Every structure is written in structure tokens, then in C-alpha cells.
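Each chain, letter by letter, is given below.
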Amino acid sequence: MALIQPSLSEDEKYLQLDAPNMPTLKVPINVSEIPKNEQEVIQSRVWRMDIKGKYCGEVAEVWLSTFFDKPNFKLIFLDNLPPKVLTEDPLLGYLGKTGDILAYQDSTPYLMIGEASLNDLNGKLDNPVTMQHFRPNFVISGTTAFQEDNWTHLKIGARGVSLRKVKYCQRCTITKVDPETGIMHDNEPLKTLKSYRLCGKDSPHKRVYLDNPLFGINLATDVVGTVRVGDTIYASTE
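The structure reproduced in this document is the subject of the present report.

Before going further, it helps to examine the sheet that holds strand β10 (residues 138-140). If you trace the 6 strands from one edge of the open sheet to the other, you get β10-β9-β13-β12-β11-β14, paired in mixed fashion. Among the strands making up the open sheet, the edge pair consists of β10 and β14 (233-237). Ignoring strand direction, the axes of neighbouring strands in this sheet form an average angle of 30°. Direction of pairing for strand β11 (residues 151-156) relative to β14: antiparallel, over a ladder of 5 bridges. Looking at the pairing, Leu-154 lines up with Ala-235 of β14.

Our next topic: the packing of aromatic side chains. Two measures describe an aromatic ring pair: the distance that separates the ring centres and the angle between the ring planes. The final tally for this structure, using the stated rule, is 8 aromatic pairs. Note on Phe-67 and Phe-68: the rings are 5.3 Å apart at their centroids and 65° apart in plane angle, and the pair reads as edge-to-face. Ring centres of Phe-146 and Tyr-196 lie 6.2 Å apart, and the angle between their planes is 75°; this geometry places the pair in the edge-to-face category. Of this pair, Phe-146 sits in the loop between β10 and β11 while Tyr-196 sits in helix α3 (residues 190-196), placing them 50 residues apart in sequence. Phe-146 sits in the buried class, given a relative accessible area of 12%.

Restricting attention to buried positions, one finds in helix α1 (residues 58-68) the residues Ala-60, Glu-61, Trp-63, Leu-64 and Ser-65. Where α1 is buried, its residues contact β2 (14-18), β3 (25-28) and β5 (49-55). Positive backbone phi, at 60°, marks Asp-69, one or two positions downstream of α1.

The next subject is the sheet that holds β2. Taken together, the 3 strands give an open sheet; going across it, the order is β1-β2-β3, and neighbouring strands pair in antiparallel fashion. At either end of the open sheet lies a strand with only one pairing partner, and these are β1 (5-8) and β3. Averaged over neighbouring strand pairs, the angle between their axes works out to 25° when direction is ignored. In terms of strand pairing, β2 meets β3 through 4 bridges, oriented antiparallel.

Attention now moves to the pattern of salt bridges. Within the structure shown, the criterion is met by 10 salt bridges. A salt bridge links Asp-120 to Lys-124, with the nearest nitrogen and oxygen atoms 3.1 Å apart. Residue Asp-120 is classed as partly exposed on the basis of its relative accessible area, which comes to 23%. The class of Lys-124 is partly exposed, set by a relative accessible area of 42%. One salt-bridge network, held together by shared partners, links Asp-100, Arg-164 and Asp-222.

Our focus in this paragraph is a nonpolar patch on the surface. Taken together, the side chains of Leu-8, Leu-15 and Ile-29 present a nonpolar region at the surface, about 220 Å² in accessible area. Mapped onto the fold, Leu-8 is located in strand β1.

How each quantity is defined
- Residues numbered from 1 in each chain as written.
- Predicted model: local features only at pLDDT ≥ 70, side-chain atom pairs only at ≥ 80, totals over all residues.
- Heavy atoms only, no water.
- Pairing = 2+ DSSP bridges.
- Helix = DSSP H or I, 4+ residues; strand = E, 2+ residues; numbered from the N terminus.
- Axes fitted to C-alpha atoms, helices over the stretch in contact; angles between N-to-C directions.
- Phe/Tyr/Trp six-rings, centres within 6.5 Å; stacked < 30°, edge-to-face > 60°.
- Buried < 20%, exposed > 50% of the residue type's maximum accessible area, 1.4 Å probe, protein only.
- Contact = heavy atoms within 4.5 Å.
- Salt bridge = Lys/Arg side-chain N within 4 Å of Asp/Glu carboxyl O.
- Patch = residues over 30% accessible without salt bridge, like charges linked within 9 Å, V, L, I, M, F, W, Y side chains within 5 Å.
- Areas by Shrake-Rupley, 256 points an atom, 1.4 Å probe, with all protein chains shown as cover.

In C-alpha cells:
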């Protein structure tokens, strides 16, 4: 899946998917344009919570199933269906606030990592990794390593966007997948992260993080708006 590259068409009417040895897939963002006999709502489950999605059609299903060489891979779109409510998550709900919603993400809509944090990790690795191994929405510069760990509330730019830290991001085996080749490495960078980025055994959040290393912070939105590359971040700390 790491090799699938999504993009928005120039007219902003289609989600486009590209992958090695595959034609470009164009999925209409307006799902009413999908043939009526293919329009349906599908029930799915992401970790502990059920969530529905609108089926994006047989063309997308065939494309995905061909690429993965397995049948029945369906693409769904939340559109105007009810989102997941973080406070209803049986494991993470106590970390959320009223109004925290998300679609198919594990816990929050956004992930932020500092360049200095990645540099710190790479200083401990024989073979450096890229930020793409960790798939953040926001990459920040001008901080010290893991400075973002201590942030609680953030304002980005001058347009009033406000984000709130919900939790640290616990990392799984997907971080071992090379984003350029799609090949999973045996141990790294997960092994090194586990050597110095585990949750303390006495932490009240140990039941959330278990023995997964922490890298990056998961964020919820308090005030929505537009952010741009180069925006200044204003942060409050714990």
C-alpha cells in the first residue's frame, strides 16, 4: 500500500491513485456519479469502532484487487455519513473531548513530527530513514529533538487554526516498510525506537501505549482553517 500515490485531479473532481505497473485510477469525489447500481453503504471496522462508508464502485475495487493480487478490496468514502466519535472509543475515549471526530484514522485526524526528532533517531541508526516512514501530516523545523512531546495546544499561522495534543503516536511494524520499495525490513527503525522511546511503566497511559515506541504527537482540531507551508507554530506546554 505504501506504493500507492494519491492525488487530486486538476479540476478537483477526482481522487487519483497511481501505483507501479497500474493505470491511473480516477474516483469521482461526488459519489453520486458512480453508477446507481453500484451505490451502496458498506459497514467497516477500524480497530475498536464501527464506521460506515460509501462504496466507490467496481472500477476502484478491480483496480485495488489487481494491485494487491487479492479479491474484494473495496474503497469507501465517508462523505456525509456519521464520523467516528473519539470519546466513544473504548480504549482512547478518555483522552478526547466533546466534538472530537474522525473518519478512518486510528485515533486522531493529524500527526506531527519534528525534523530534529527524526535526526535524533537517524543518529542512532546504521541506515537512516526518511520522514515518509512515519507519514506525518505536519513536519516542523526549528525545534529541538522531541520538543513537540511537551506541547498541549498549538496555533498555526495567522489564520486562527488551533490544534490540541490528544496523545503520543505509538508506532507499529508499518514503520519498517520502505516507502520507496514497499519492502518491510526486519527490525529497524522500530528496534531502535524501542530502546529509548517507550512509555514509562508507571504511566497512567501504559494501557494505551503498551510496549509500542512513541514517535510524534496525535492532534485533534479545536479551530479549523487553512495552514500553509512555512507557517509559524505557537505552542503551549505541559
